[in-house]
Amino acid sequence: DLLLGGAKLAGILIDASPKGSALEWLVIGIGVNLAAAPQIPGRATTSLADHGIALGPQTAAAAILARIAQWRYASPAAIRAAWLTHAHPPGTRLIVNDIEGRFAGLSPAGELLLETAGQIKHFNTGNVALGY
């Protein structure tokens with residue numbers, strides 16, 4: 001999820017098929033609350049319109065694709081560093097694949113690190129939610 005002011009603004013779903021050390025295919029789905037935000041019980045949501053930003057679907061899609069293209073050939077280390085500057089701080093409660101713990105960063109390979117029961121678990125895929 002992408003948050004704005006602590007409320008969910010957008011969500012990203014990624015599916016891929018590994019083939020050896022490469023990917024055979026990759027699908028990225030991105031949903032952004034442009035004009036309105038759905039009500040989700042127990043969850044704050046927002047839209048760009050709630051913040052005075054009027055953006056149409058084609059303009060939003062073009063902007064998102066342009067930003068993705070800028071990162072296409074970036075090193076994994078550069079992507080990891082940039083991601084961490086915008087992530088929740090270490091210690092934030094998360095639920096990953098129904099396992100509760102605290103965010104402990106990203107591994108050099110980009111795996112989410114979750115501290116739980118005195119151990120660090122590595123996740124390279126799964127469902128992630130902020131701990132409630």
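How each quantity is defined
Numbering of residues starts from 1 in every chain and runs along the sequence as written. Local features in this predicted model are restricted to residues whose pLDDT is 70 or higher, and side-chain atom pairs enter the listing and the counts only when it is 80 or higher, whereas totals over whole chains, interfaces and linings include all residues. Side-chain metrics rest on all non-hydrogen atoms present in the structure, leaving aside hydrogens and water. One side-chain nitrogen of Lys or Arg within 4 Å of one carboxyl oxygen of Asp or Glu is enough to make a salt bridge. Secondary structure elements follow DSSP: runs of H or I of four or more residues count as helices, runs of E of two or more count as strands, with numbering from the N terminus. Buried means the residue's accessible area, taken with a 1.4 Å probe over protein chains only, is under 20% of the maximum for its type, while exposed means over 50%, and partly exposed covers the values in between. A patch is a set of surface residues, each over 30% in relative accessible area and not in a salt bridge, joined within 9 Å for like charges and within 5 Å for the nonpolar side chains Val, Leu, Ile, Met, Phe, Trp and Tyr. Computed by Shrake-Rupley with a 1.4 Å probe, the accessible areas treat only the displayed protein chains as cover when residues are assessed. Counted as a polar contact is a pair of N or O atoms within 3.5 Å, where, for protein atoms, one must be capable of donating a hydrogen and the other of accepting one, and residues adjacent in sequence contribute only when both atoms are in side chains. Between two residues, a contact is recorded if the distance between any of their heavy atoms is within 4.5 Å. Two strands qualify as a pair provided that DSSP identifies no fewer than 2 bridges between them. Here, axes are lines fitted to C-alpha atoms. For helices the fit covers the stretch in contact, and angles between N-to-C directions go from 0 to 180 degrees. We call a set of buried Ala, Val, Leu, Ile, Met, Phe, Trp, Tyr and Cys residues a nonpolar core when their side-chain atoms join them within 4.5 Å.

Caption draft 1: Main features of the pattern of salt bridges. Taken as a whole and assessed by the stated rule, the structure comprises three salt bridges. Between Arg43 and Asp1 there is a salt bridge; the shortest N-O distance is 2.9 Å. Within this pair, whereas Arg43 is found in the loop between β3 (22-32) and α1 (57-71), its partner Asp1 is found in the segment before β1 (2-4), the two being separated by 42 residues in sequence. One salt bridge in this structure joins Arg93 and Glu100, with 3.5 Å as the shortest N-O distance. Assessed through its relative accessible area of 32%, Arg93 is described here as partly exposed.

Caption draft 2: How the structure looks around a nonpolar patch on the surface. Taken together, the side chains of Leu2, Ile12, Ile14, Leu23, Leu26, Ile28, Ile30, Leu65 and Ile68 present a nonpolar region at the surface, about 810 Å² in accessible area. Of all elements in the fold, only β2 (7-19), β3 and α1 reach the threshold of two or more residues within the nonpolar patch. Within the element layout of this structure, Ile28 appears in strand β3. Using a relative accessible area of 41% as the deciding quantity, one classes Ile28 as partly exposed.

Caption draft 3: Inspection of the side chain of Thr46 at higher detail. For Thr46, the position within the fold is in the loop between β3 and α1. Of the residues examined, Thr46 reaches a relative accessible area of 6% and is grouped as buried. Separated by 2.9 Å, the side chains of Thr46 and His51 make a polar contact. Ignoring any residue separated from it by four or fewer positions in sequence, one finds Thr46 in contact with Leu4, Ala7, Lys8, Leu9, Asn33, Ala37 and His51.

Caption draft 4: Layout of the sheet that holds strand β7 (residues 119-123). Spatially, β7-β6-β5-β4-β8 is the arrangement adopted by the five strands of the open sheet, whose pairing is antiparallel. The outermost strands of the open sheet, each flanked by one partner alone, are β7 and β8 (128-130). Neighbour-to-neighbour, the strand axes of this sheet turn through a mean angle of 45 degrees, independent of strand direction. Examined bridge by bridge, strand β5 (residues 99-106) and strand β6 (residues 112-116) share three bridges and lie antiparallel to one another. Residue pairing across strands places Arg102 opposite Glu115, the latter belonging to β6.

Caption draft 5: Looking closely at the nonpolar core. Core analysis: the biggest nonpolar cluster contains seven residues, these being Leu94, Val96, Phe103, Leu106, Leu112, Leu114 and Phe123. Residues in contact with Val96, not counting those within four places in the same chain, are Leu112, Leu114, Phe123, Asn127 and Val128.

Caption draft 6: Representation of the pairing of strand β4 (residues 93-96). Every second residue of β4 is oriented toward a common face, the buried set being Leu94 and Val96 and the non-buried set Arg93 and Ile95. Relative to β5, β4 is paired through four bridges, and the arrangement is antiparallel. Bridge pairing in β5 links Arg93 to Arg102. Linking β4 back to β5 in an antiparallel pair, the connection comprises two residues, with Asn97 at a positive phi of about 50 degrees. Sheet topology note: the β4/β8 ladder contains three bridges and is antiparallel. Its bridge partner being in β8, Val96 is matched across the sheet by Val128.

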